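Okay, here's what each chain looks like letter by letter:
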Amino acid sequence: MHPATAMASESCSLMWFRKGLRIHDNPALQHAANASTKCFPLFVIDPHYMEPDPTAFSPGSTRAGLNRIRFLLETLVDLDSSLNNLGSRLLVLRGDPSQVLIRCLKEWSISKLCFEYDTEPYYQALDAKVKNYASVAGIETFTPVSHTLFDPADIIHKNGGTPPLTYQSFLKLAGIPSWASSPLSTSLSSLPPIGNLGSLQVSAVPTLEELGYVDCSEDERTSFRGGESEALRRLRESIANKEWVAYFEKPKGNPSAFLRPATTVLSPYLKFGCLSSRYFYQCVQEVLRSVKRHTSPPVSLLGQLLWRDFFYTVAFGTPSFDRMRGNRICKQIPWKESDELLAAWRDSRTGFPWIDAIMVQLRKWGWMHHLARHSVACFLTRGDLFIHWEKGRDVFERLLIDSDWAINNGNWMWLSCSSFFYQCCFHFSLFFHPPKLQLLCCQYHRIYSPITFGKKYDPDGNYIRHFLPVLKDMPKEYIYEPWTAPLSIQRKAKCIIGIDYPKPVVSHDSASKECRQRLGEAYELNKKLGGMVRDEELNELKRRVEEQDKSMEYKTKRQKQTLIG
Ligand code: FAD
């Protein structure tokens, strides 16, 4: 046969993997496989995301910590192996994703381009470029929504063009997913073969060393392994305990449980799409159908998945969602600037063992329980240090293995009381008993104590001892407040406060009081101006706050001098 005739009868599809790194419930992959004679499964390594940046504050690239990069590589190896079982393999190329992709479309004579729709601004911009090229070149594109349970655009459309801002209104609009009762496609029997690769230098999935990482510390290595196989194993393990699924009630979990975490730890798998949230939903739904009683959203396991969709929807419909300025759902607050305090928080040096242990867990594991995240986010922002939520968000964004643009920003706004105030009322009302506390809880007055909150769950301080071995011999009476231990006890525990472990960076009582006052003033200003706070007004408030700070410092100094005198 003449080569030109052969080419004409060939239909080549390109499956562009970004998230959605799985075989099960992957409509883009399914479409790429159907009615194509050749299929090219591609992953593009963006050096910005993957290659080492020695100037970053922790090992990793400019954008991601090493744990998440390792997790992604493990995921790609697993995906490659699954593709092998289907008679194909994962093609890996390096470079700027849009340029690489356009080269592939040309070089491989692609007629069908398939990839999962992504609502993140980074992908929206990237995909617009690629789709533009494809449209001009006459290439069919297929971009299904399969990362979330619902299509965020549909929900926004149903709500008249803006996203619902409360969980309850989101639930009402969303209803039951259309696919909830029909079986999802969870397997593929084979894939069309890969076509001629032309001049493109395709490689296998690189190792960390091949990406340029040397000396990867084992001590800072997360124990969670990436990949679809591990995701499905974890899912099966979680849902095997029907009673646990049926009575799952989020606020009741123990944030200090580290040997066996109190929740599923499926978030990193959902983040990369190693696990389909729809498949997760169906599996849980099946368990719930088989039991007599079970919890419901927002506290149930399905409720957690719905929180995820809620944040995706609000994030998609809110310009500047990841910033305070220009973000219409975010309160304008004159946060303090202190690189010193921020670094103490980030590097586990606040002197509050509960906070520091959580930050060690973040660095080492890349994952912490939801309430542990609450504790450190509250401490950094409205609770104690009054530092901008965007700064804390950046640290989480880098170090979490489940770092997710919509969920991370949404939760940081929530925890800093910058947004989602009304669900805050509702959600927290389920957190705390008796019901009389409910009204108080919905105010920014409800601050997590860095001393007593963890103690409720773990009075012996085993979590602290595990993540902060320097305190391992501190008696339990002092483990949450080691600076109160007499020197003889500190000596016996081989941990002198101020030398082996830092003194607290603030006094919690006075710092939290000040934070409340500042937030109160900021709320007043936002209310007075109907949320339209301009730079001048915010700066003026910031100036007043700084003056108050200075006069407080002066007073404290005078008091000390009088005492000494
Ligand atoms: P489970 O309780 O087993 O829940 C199952 C799934 O539901 C999770 O995997 C997750 O996808 C979803 N989910 C659970 N809680 C929430 C929530 N509050 N909001 C949205 N979805 C939720 N989660 C992330 O996935 N990525 C982030 O970057 C992230 N940043 C956070 C930052 C802060 C300051 C806070 C307070 C929370 C953040 N969360 C984030 C939400 C939550 O803490 C994690 O999703 C959860 O702890 C993951 O553990 P899990 O998989 O065991 O959750």
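Residues numbered from 1 in each chain as written. Predicted model: local features only at pLDDT ≥ 70, side-chain atom pairs only at ≥ 80, totals over all residues. Heavy atoms only, no water.

Turning our attention to the packing of helix α17 (residues 389–399) against helix α18 (residues 405–415). At their nearest, the axes of α17 and α18 sit 10 Å apart, and the two run at 145° to each other. Viewed along their axes, α17 and α18 form a crossing whose handedness is right-handed. Note on element contacts: α18 touches α17 through Asn408, Asn409, Trp412 and Met413, opposite Trp389, Gly392, Arg393, Phe396 and Glu397. Its residues assigned to classes, the contact of α17 with α18 comprises four nonpolar, three polar and two charged. (Axes fitted to C-alpha atoms, helices over the stretch in contact; angles between N-to-C directions. Helix = DSSP H or I, 4+ residues; strand = E, 2+ residues; numbered from the N terminus. Left-handed = near helix turned anticlockwise from the far one by under 90°. Contact = heavy atoms within 4.5 Å. Nonpolar A, V, L, I, M, F, W, Y, C, P; charged D, E, K, R; others polar.)

This paragraph deals with the nonpolar core. Counting residues in each nonpolar core, the largest one holds 147 residues, and the members touching the most others are Phe17, Leu90, Leu275, Phe280, Trp345 and Phe420. A total of 10 residues in this core trace back to one element, the largest contributor, which is helix α13 (residues 301–316). Each residue touching Leu90, except ones within four places of it in the same chain, is listed here: Phe17, Pro41, Leu42, Phe43, Leu76, Leu79, Asp80, Leu83, Ser203 and Val205. Formed by 23 residues, the second largest nonpolar core is a distinct cluster that contains Cys12, Phe40, Leu91 and Leu126. (Core = buried A, V, L, I, M, F, W, Y, C linked by side-chain atoms within 4.5 Å. Buried < 20%, exposed > 50% of the residue type's maximum accessible area, 1.4 Å probe, protein only.)

Next up on the list: the packing of aromatic side chains. This model, assessed by the stated rule, comprises 36 aromatic pairs. Ring centres of Phe224 and Trp365 lie 5.8 Å apart, and the angle between their planes is 80°; on these two criteria the pair is classed as edge-to-face. A residue pair is termed long-range when its members are at least 10 positions apart, and Phe224 in the loop between α8 (167–174) and α9 (228–240) and Trp365 in helix α15 (residues 353–365) qualify at 141 residues. Exposure remark for Trp365: the relative accessible area of 14% places this residue in the buried category. Through pairs of rings, three or more aromatic residues link up here, namely Phe224, Phe258, Trp354, Trp365, Trp367, Tyr448, Phe453, Tyr457, Tyr463 and Phe467. When the ring centre of Phe57 is taken as origin, the NZ or CZ atom of Arg398, which lies over that ring, is 5.6 Å away. Over the aromatic face of Phe386 sits the side chain of Arg518, whose NZ or CZ is 5.4 Å from the ring centroid. (Phe/Tyr/Trp six-rings, centres within 6.5 Å; stacked < 30°, edge-to-face > 60°. Lys NZ or Arg CZ within 6 Å of the ring centre and 35° of its normal.)

Turning our eyes to something else, we now look at helix α24 (residues 508–528). Taking 1.5 Å as the rise per residue, α24 with 21 residues should run 30 Å; its terminal C-alpha atoms sit 30 Å apart, in good agreement. Buried within α24 we find His508, Ala511, Ser512, Cys515, Arg518, Leu519, Gly520, Ala522, Tyr523, Leu525 and Asn526. A positive phi of about 55° marks Gly530, the residue just after α24. (Expected span 1.5 Å × (residues − 1).)

Here we come to the sheet that holds strand β4 (residues 112–114). Ordered in space as β3-β2-β1-β4-β5, the five strands form an open sheet in which the pairing is parallel. Of all strands in the sheet, those bounded by a partner on one side alone are β3 (91–94) and β5 (140–142). The mean angle between the axes of side-by-side strands here comes to 25°, regardless of whether they run parallel or antiparallel. Alignment of strand β2 (residues 38–45) against β3, held across four bridges, turns out to be parallel. (Pairing = 2+ DSSP bridges.)

Around the ligand, a shell composed of 30 residues is seen, among which Thr263, Thr264, Val265, His370 and Asp402 lie nearest. Between the ligand and Gln304 there is a distance of 3.4 Å, counted from an oxygen atom to a backbone nitrogen or oxygen. Within the backbone of Asp402, one N or O atom sits 2.9 Å away from a nitrogen atom of the ligand. Compared with its free state, where it exposes 820 Å², the ligand has 99% of that area covered by protein. Elements supplying a minimum of two residues to the shell around the ligand: α11 (267–271), α13, α16 (370–383) and α18. A per-class count over the shell around the ligand returns 16 nonpolar, nine polar and five charged. (Near = heavy atom within 4 Å. Polar contact = N/O pair within 3.5 Å; in protein donor to acceptor, adjacent residues only side chain to side chain. Areas by Shrake-Rupley, 256 points an atom, 1.4 Å probe, with all protein chains shown as cover.)

Turning our attention to the pairing of β2. Along a regular strand, successive side chains alternate from one face of the sheet to the other. Within β2, eight of the eight residues are buried, which leaves it mostly tucked inside the rest of the structure. Residue alternation in β2 divides its side chains into two sets, Lys38, Phe40, Leu42 and Val44 and Cys39, Pro41, Phe43 and Ile45, and both sets are buried. Judged from the six bridges that link them, strand β1 (residues 12–17) and β2 form a sheet pairing that is parallel. Across the sheet, residue Cys12 finds its bridge partner in β2, namely Lys38. The handedness of the β1 to β2 crossover, carried by helix α2 (residues 27–33), is right-handed. (Right-handed = clockwise from strand over helix to strand, strands pointing away.)

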